[in-house]
Amino acid sequence: MSTAGGPRRVFLHIGLPKTGTTYLQQVVWGNRERLREAGVLVPGFGHREHLWAALDLQERPRLARRHPDAPGAWQRLVDQASAHSGDVLLTHEFFCGASWAQAARALASFPGAEVHLVVTARDAASVVSAGWQESVKNGSTVDLDSVMAGTAAGGPEFSMRTWDLAGVLERWTPDLPGERVHVLVMPGPGEPRDLHWRHFAEVLGVDPDAVDAPTEAANPALGIVQIETLRLVNRHLPSYSAHDRGVWIRGYLAEDLLARQPRERGGLPEHHLARFAELDRAAVEIVTDRGFHVLGDLSSLGVERGPGGAGRLPGTVTAEELLESASRLVADIVADVRASTGDVPPRTRGSH
């Protein structure tokens, strides 16, 4: 039971990254008022404040460089939750990067409330492959082998720390009863598009049909040629702020221009597959042994169903393919510049 004036239940949706989190967050933020009417408060001004809170909880240095209001975001959400007497939802995939101590502090921030952990999951090969691609879409030049070796300098959110389901569960759940840990396995091919949201809504205790859920997946995957092209482009870009990386590298170059190109699915080298199988086995073991609440097919964690596994390996991309992709990219950028300047070539602007 919650203390007087405090929340009844607190749902912490902590990721993992690349497990349908953007889709679920689109539903949540697009239906925030409807969720409030259904008894679930989503505190904060928006998605970005939950991102800040995840980093603030982890005591990330230089957080103020993201925004002057970013420091203190975790406590602001806690304070808003504490002033509410119903249920509360906090959601961001970067929460899963917290250490044992930081996770314990998060859970202890809601004394008297019934705290539930919501963890979205998929097979390790798909998570790592998609996570590596996401790091490149956010400006990284790192290759997949460096990620697997743990030598990549892409930050905790783009590393095995957040992509290892068993490791995340071990850090976050030692003091939680099994029935309060909800593992939502991503739906596979052939399953309803909105099944992930329906599972999420079941945990929250809300009617899944009371909100508008998009039917299209968020964060379009790039082909392996386009990812290798973007890695090369990133080497020549200046150091951008997090906001500019999101707008120009991820938003404009990756998910707009490069996503238009013909795409061929990427794959994973054979020498990494045993590692993925071990990660999946460890995750299934802790979920089963601790009696966590599972929605979806837990056995699919051992079966690669996403962008990993079979597909073109990064090392097989040829110079000719990179040149073709880069040429298309330059042509599209020139067309956009031409359109944005009113059909006047940039070098002649202001000359009259």
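Above this text you will find the structure in question.
Analysis parameters
Residues numbered from 1 in each chain as written. Predicted model: local features only at pLDDT ≥ 70, side-chain atom pairs only at ≥ 80, totals over all residues. Heavy atoms only, no water. Helix = DSSP H or I, 4+ residues; strand = E, 2+ residues; numbered from the N terminus. Rg over C-alpha atoms; globule rule 2.2 N^0.38 Å. Contact = heavy atoms within 4.5 Å. Areas by Shrake-Rupley, 256 points an atom, 1.4 Å probe, with all protein chains shown as cover. Lys, Arg positive; Asp, Glu negative; His and termini not counted. Charge placed at Lys NZ, Arg CZ, Asp CG, Glu CD. Phe/Tyr/Trp six-rings, centres within 6.5 Å; stacked < 30°, edge-to-face > 60°. Buried < 20%, exposed > 50% of the residue type's maximum accessible area, 1.4 Å probe, protein only. Salt bridge = Lys/Arg side-chain N within 4 Å of Asp/Glu carboxyl O. Pairing = 2+ DSSP bridges. Core = buried A, V, L, I, M, F, W, Y, C linked by side-chain atoms within 4.5 Å.

### Notes on the overall build of the protein chain
Right, so step 1: Per the secondary structure count, the protein chain includes 14 helices and six strands.
Right, so step 2: Radius of gyration (C-alpha) of the protein chain: 21 Å, near the 20 Å computed for a compact globule of 352 residues.
Right, so step 3: Taking the principal axes of its C-alpha atoms as reference, the protein chain extends roughly 70 × 55 × 40 Å.
Right, so step 4: In the protein chain, of all internal contacts separated by at least 6 residues, the share reaching a separation of at least 24 is 80%.
Right, so step 5: When the accessible surface of the protein chain is totalled, it reaches about 16,100 Å², and 53% of it is carbon and sulfur.
Right, so step 6: Charge-centre separation for the protein chain: the mean point of 36 positive side chains lies 5 Å from the mean point of 44 negative side chains.

### A look at the packing of aromatic side chains
Right, so step 1: On inspection of all chains with the given rule, the structure shows five aromatic pairs.
Right, so step 2: With a centroid separation of 5.8 Å and an interplanar angle of 70°, the aromatic rings of W74 and F95 are classed as edge-to-face. In this pair, W74 sits in helix α4 (residues 73–82) while F95 sits in the loop between β3 (87–91) and α5 (100–108), placing the two residues 21 residues apart along the sequence. Just as W74 is buried, F95 falls in that class too.
Right, so step 3: Aromatic pair W74 and F110: ring centres 6.1 Å apart, planes at 80°, arrangement edge-to-face. Here F110 lies in the loop between α5 and β4 (114–121) and W74 lies in helix α4, a separation of 36 residues in the sequence. Assigned by exposure class, W74 and F110 land together as buried.

### Quick look at the pattern of salt bridges
Right, so step 1: Counted according to the given criterion, the structure contains 17 salt bridges.
Right, so step 2: Across the pair R8 and D87 runs a salt bridge, and its minimum N-O distance is 2.9 Å. Of the two residues, R8 is situated in the segment before β1 (9–13) and D87 in strand β3; the sequence distance between them amounts to 79 residues.
Right, so step 3: For D87, a relative accessible area of 4% puts it in the buried group.
Right, so step 4: We note a salt bridge from E321 to R312, for which the minimum N-O separation is 2.9 Å.
Right, so step 5: Classification of E321 as partly exposed rests on a relative accessible area of 25%.
Right, so step 6: Residues joined by salt bridges that share partners form a network here, namely K18, E134, K137, R250 and E255.

### A few points about the sheet that holds β3
Right, so step 1: Pairing within the open sheet is parallel, and its six strands lie in the order β2-β3-β1-β4-β5-β6. The sheet terminates laterally at β2 (40–41) and β6 (293–295), the two strands that pair on one side only.
Right, so step 2: With two bridges connecting them, β2 and β3 associate as parallel partners. Looking at β3, one finds that L41 is bridged to V88.

### Some remarks on the nonpolar core
Right, so step 1: Counting 48 residues, the largest nonpolar core has L12, I14, W74, F110 and W172 as the members making the most contacts within it.
Right, so step 2: Looking at this core, the element that brings in the most residues is helix α3 (residues 47–57), giving six residues.
Right, so step 3: Residues in contact with F110, not counting those within four places in the same chain, are V10, W74, V78, A81, L90 and V115.
Right, so step 4: In terms of nonpolar packing, the next biggest core, distinct from the first, is built from 30 residues, A124, F158, L222 and L253 among them.

### Side note on the pairing of β1
Right, so step 1: A large share of β1 lies buried, amounting to five of its five residues.
Right, so step 2: Where burial is concerned, the two faces of β1 agree: the one with R9, F11 and H13 and the one with V10 and L12 are both buried.
Right, so step 3: Pairing between β1 and β3: five bridges, direction parallel. Following the sheet pairing, F11 is matched in β3 by L89.
Right, so step 4: Pairing geometry for β1 and β4, over five bridges, is parallel. Residue pairing across strands places H13 opposite V118, the latter belonging to β4.

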